[in-house]
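These are the residues of each chain, in order.
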Amino acid sequence: MEAGDVRRALLGFVFALAAAPASAGQCVFYLKSSTASFEARVYDPDTGKDRKVAPGRIPNAELVWEHSYEKVYWLDGHEFKRAWWLGKGKTQWPIAVPEELPKPYAWFLDWRGLKLIRREKDKLELWEHVAAKKTWRMAERERLLEPATRDRRASGVLYDWNSRRRDKPLGELLAEMSGNSHLHEIRWNGVRESGTGTIAFYGKDGCGLRVQVSRDDAGAHIVAPLYHWCEKQEKGTLIFGEPDSLGFAPVSFGEADPYLLVGGEPSMNDPKVLNLKDGSVKKTFPVGASHAVWVPCPR
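Residues numbered from 1 in each chain as written. Predicted model: local features only at pLDDT ≥ 70, side-chain atom pairs only at ≥ 80, totals over all residues. Heavy atoms only, no water.

Caption draft 1: Inspection of unusual backbone geometry at higher detail. In the segment running from A54 into P55, the intervening peptide bond is cis, with an omega of 20°. Examined against the element boundaries, P55 turns out to sit in strand β3 (residues 49-58). Cis geometry is adopted by the peptide bond preceding P266, which originates at E265 and carries an omega value of 0°. One non-glycine residue, L145, lies in positive phi territory at about 60°. Here L145 shows up in the loop between β11 (135-143) and α2 (150-162). The backbone of H291 shows a phi angle near 55°, a positive value even though the residue is not glycine. Relative to the assigned elements, H291 resides in strand β22 (residues 289-296). Relative accessible area serves as the criterion here: at 12%, H291 is assigned to the buried category. (Helix = DSSP H or I, 4+ residues; strand = E, 2+ residues; numbered from the N terminus. Buried < 20%, exposed > 50% of the residue type's maximum accessible area, 1.4 Å probe, protein only.)

And the structure:
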């Protein structure tokens, strides 16, 4: 099984979709692309401040917070680096990846700490970092059986291992805001799944989003254009996308009362923050911004 197949299988099981909005007082974490790297930034809609935050510059978008958001982790070359997010304490020293382990297929945090997954010929190996000894050990190894069943076996093993994770990956937070995660909230106009409908804002009676649903081989998607809508309005106010666009443009969105974060799938491209009350624009992010998600404002 190729590395890409393993990664796709992993991501398919890891990203649990959620519908509830973020809690009040949240900030928007996002990445701003630059030459061969990303700059990590946070925007606070309550204060209007937009600033660079840890981890600073990172080589890719593989970023993971602890479940409590105390710390944030990222892989930089052959080191896992860490920084405080909500917590406060001593400087978090990097954790070196063992020389015998190349770049892992995947990595995550569980209640005991950092884990990584390696492919070794016909086996998958789960390695764990033993913080007290500052060493790594192989925790589990699973043979992938004969070639004909290898893909299925690997998917099952990855699912089992990753069902134990206790973290908040950036990819999962993006998935929680994908249009697919909101499909069950739609009040359809006419026949169910007829193509258009409305999604009410949490705690905002009478207002919400007017959405359009299209399908492709992967299933149904909420697509642009997206409208802010209130009762007695026939169409609403356009807030994302072009009304006459013939292209297939899935959208993502998530609430943190009194704000709405909107962007294009799959990486929350061209994000905006709007006011839930009337759909007015609070913040348009700069060109090159992506991976925008709601997180607790860092300390």
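Caption draft 2: Quick look at the state of the cysteines. Scanning the entire structure with this criterion turns up 2 disulfides. The disulfide partner of C27 is C297, and the S-S distance across this bridge is 2.0 Å. Across the S-S bond linking C27 and C297, the dihedral sits near 95°, which makes this disulfide right-handed. Of the two residues, C27 is situated in strand β1 (residues 26-34) and C297 in the segment after β22; the sequence distance between them amounts to 270 residues. Given a relative accessible area of 23%, C297 falls into the partly exposed group. Across the disulfide, C207 is cross-linked to C230 (sulfur-sulfur distance 2.0 Å). On the sign convention where negative is left-handed, the bridge of C207 and C230, at about 105° about the S-S bond, is right-handed. Of the two residues, C207 is situated in strand β15 (residues 207-216) and C230 in strand β16 (residues 219-230); the sequence distance between them amounts to 23 residues. The residues C207 and C230 share a single accessibility class, namely buried. Look at the protein chain and number its bonded cysteines as they come in the sequence; the links are 1-4, 2-3. (Disulfide = S-S within 2.5 Å.)

Caption draft 3: Main features of the pattern of salt bridges. Under the criterion given, the structure shown has 19 salt bridges. Here K123 makes a salt bridge to D122, at a shortest N to O gap of 3.3 Å. Between R137 and E128 there is a salt bridge, and its shortest N-O distance comes to 2.5 Å. Residues participating in the shared-partner salt-bridge network are E39, R41, D50, R57 and K283. (Salt bridge = Lys/Arg side-chain N within 4 Å of Asp/Glu carboxyl O.)

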